[in-house]
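Report on the structure
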Amino acid sequence: MYRTKTCGELRLTDVDTRVKLAGWVQRSRKMGGMTFIDLRDRYGITQLVFNAEGCSSDMMEQAEHLGREYVIEAEGTVIKRQSINNQIPTGEIEIIVDKLIVLNKSETPPFTIEDETDGGDDLRMKFRYLDIRRSAVRSNLELRHKMCLEVRRYLDSLNFIEVETPVLIKSTPEGARDFVVPSRMNQGQFYALPQSPQTFKQLLMVAGMDRYFQIVKCFRDEDLRADRQPEFTQIDCEMSFVEQEDILNTFEGMTRHLFKKLRNVDLPDRFPRITWANAMKLYGSDKPDLRFDMHFVEVEDIMQGHGFGVFDTAAYIGGIVAPNAASFTRKQLDELTEYVKRPQIGAKGLVYARVTEDGSVKSSADKFYNQDILLRLADKMQAKKGDLILLMCGEDPMKTRKQLCELRLEVAQRLGLRDKNKFECLWVVDFPLLEWDEETARYYAMHHPFTSPKAEDIPLLETDPGKVRANAYDMVINGVEVGGGSIRIHDKQLQRKMFDVLGFTPEKTEEQFGFLMNAFKYGAPPHGGIAYGLDRWVSLFAGLDSIRDCIAFPKNTSGRDVMIDAPSALDAEQLQDLALEVIAQK
């Protein structure tokens, strides 16, 4: 037995107990005739004491030469610590060691194994197995583990059953790009890795499984950002004989359960709901952050017709009120202007107005607007003394709203309104079913082609498909879409109509989705579901800016695993086995 206790569990009640510990050397200190070692394992840190009066000279010499990250076994007696360390749970005790075994030596690590490490992202990802030794990373993985347990516990209590679906599936043309896998036994043909278990979970509903879930790996060959990885994990769920309200209530309950169990946060009994159209109108985003207000107000009626050409010719003028920000300096306002003019946002500029302490309004466009007009502006926007009004305009209302959204988030960040320990949840509902692509001159499904249109909008599929609303919903927390789903089409005639609107020929429909259409012939129940991004959810709970720090072995922003150097080339023999000789010759 290498250890009888872990490095995180000993307390004053264990004084005078003989114990054996094993772990990694965090640091060592020499003080006179004593050597102190901080020993670390997954559970914590315990201080070891080597005293020249109680140890042999060989052991003292061995202890003095222990390097960082050496793996050791130490045996001794627990005593009360003279100088208490309140920073660690074991800080009231220490171990007087009388037996030491070095299990494995270590080279000096390329960065310090501390919460505040000196390793950059690339270096830490290359040596991720060392990075995980840090408590900051390890705690994220422990949180992820606990979240999976609680998800399973909650869904099991509601009679959900976990079913594994295939990883090698058929490639489909809709959605993001697939990762493909060549088949050796069926040369010239390819599997795809699933972007989602969507069709399989619908088939499970046809099969009568009623309530399904799976914590499942999914794959998308798309450009990466802080919240995206080529492989990611979903909490995938589907239910039969349900309407939208049933699903929203079920998964509001799961969300409340997780927040209470993992963060001890009580969420309201009902989450607010906003339609997609109103979310775009008021916040310029289908995932608005409601930790703060600053909703958009349209002011064309007040600001046009006064000789300010930029506003007079605009199709849209909207603004936000930054609370208690009238004190922003000219430098700060210039920074905000330059921020929205960046190519990523593309705005032409920014107009501001301060509501002073005497109630008057001072604007950057004062020469075009008298005080009466500016007071009307402040009144419509409900700006109070000390507030700052920020206005933007443009020829395309939707584009300008998205630019104003970026400004809203940046201002909130500067005002400290995006508190990571405050959580505001909402549902965004009634998404458009379809979106038009000018380049290909056809409609695409905004979610996927199995999403049901709202019943009252079905006739519009014939006359005006772009106005059809979907029975779709996203859960948004603090401006992050953590999950989304829909009621599915379960009628084969409506599903065929959907494929027709999407430009699928009957032959293409049969080739790509014939298996699903055939299943619908045998009695598909009304059904719907939702999928949550586990990585995003854990990062939200942990207060992380990137999902990479809650994934054990993530890829970098180029989609590479720099630790194992993947992806990598195959040798010629492997390529020939897969009938990919052309690539081998290149």
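The protein chain is annotated in an unreviewed UniProt entry as Aspartate--tRNA ligase of Porphyromonas crevioricanis. What UniProt states about the protein chain under its Function (unreviewed entry) heading is, verbatim, "Catalyzes the attachment of L-aspartate to tRNA(Asp) in a two-step reaction: L-aspartate is first activated by ATP to form Asp-AMP and then transferred to the acceptor end of tRNA(Asp)." Under the Subcellular location (unreviewed entry) heading, UniProt states for the protein chain: "Cytoplasm".

Turning our attention to the overall build of the protein chain. Secondary structure assignment for the protein chain yields 18 helices and 22 strands. Taken along the three principal axes of its C-alpha coordinates, the protein chain extends 90 × 75 × 55 Å. Considering the protein chain as a whole, with its 586 residues, one finds that 48% of them fall into the buried category. When the accessible surface of the protein chain is summed, it comes to about 29100 Å², and 49% of that surface belongs to carbon and sulfur atoms. Side chains of the protein chain carry 78 positive and 91 negative charges; the gap between the two charge centres is 2 Å.

On to the pairing of strand β21 (residues 480-487), then. Of all eight residues in β21, six are buried, a share of seventy percent or more. In the sheet, strand β20 (residues 472-477) pairs with β21 via six bridges, with the strands oriented antiparallel. Residue pairing across strands places M475 opposite G483, the latter belonging to β21. Taking the residues between adjacent antiparallel strands as the criterion, β20 and β21 are bridged by two residues, where N478 takes a positive phi near 55°.

A few words on the packing of aromatic side chains. Under the counting rule described, the total for this entry stands at 17 aromatic pairs. An angle of 10° between the planes, with centres 5.1 Å apart, marks the rings of F499 and F513 as stacked. One end of the pair, F499, is in helix α14 (residues 492-501); the other, F513, is in helix α15 (residues 506-520), and 14 residues separate them in sequence. Judged on exposure class, the residue F499 and its partner F513 are both buried. Taken together, the aromatic side chains of F160, F251, F259, F423, Y532, W537 and F541 make up a single cluster linked through ring pairs. The cationic tip of R442 hangs over the ring face of Y444; the distance from NZ or CZ to the ring centre is 3.8 Å.

Cut-offs used in this document
Residues numbered from 1 in each chain as written. Predicted model: local features only at pLDDT ≥ 70, side-chain atom pairs only at ≥ 80, totals over all residues. Heavy atoms only, no water. UniProt positions renumbered as here; feature names shortened; annotations may be inferred. Helix = DSSP H or I, 4+ residues; strand = E, 2+ residues; numbered from the N terminus. Buried < 20%, exposed > 50% of the residue type's maximum accessible area, 1.4 Å probe, protein only. Areas by Shrake-Rupley, 256 points an atom, 1.4 Å probe, with all protein chains shown as cover. Lys, Arg positive; Asp, Glu negative; His and termini not counted. Charge placed at Lys NZ, Arg CZ, Asp CG, Glu CD. Pairing = 2+ DSSP bridges. Phe/Tyr/Trp six-rings, centres within 6.5 Å; stacked < 30°, edge-to-face > 60°. Lys NZ or Arg CZ within 6 Å of the ring centre and 35° of its normal.

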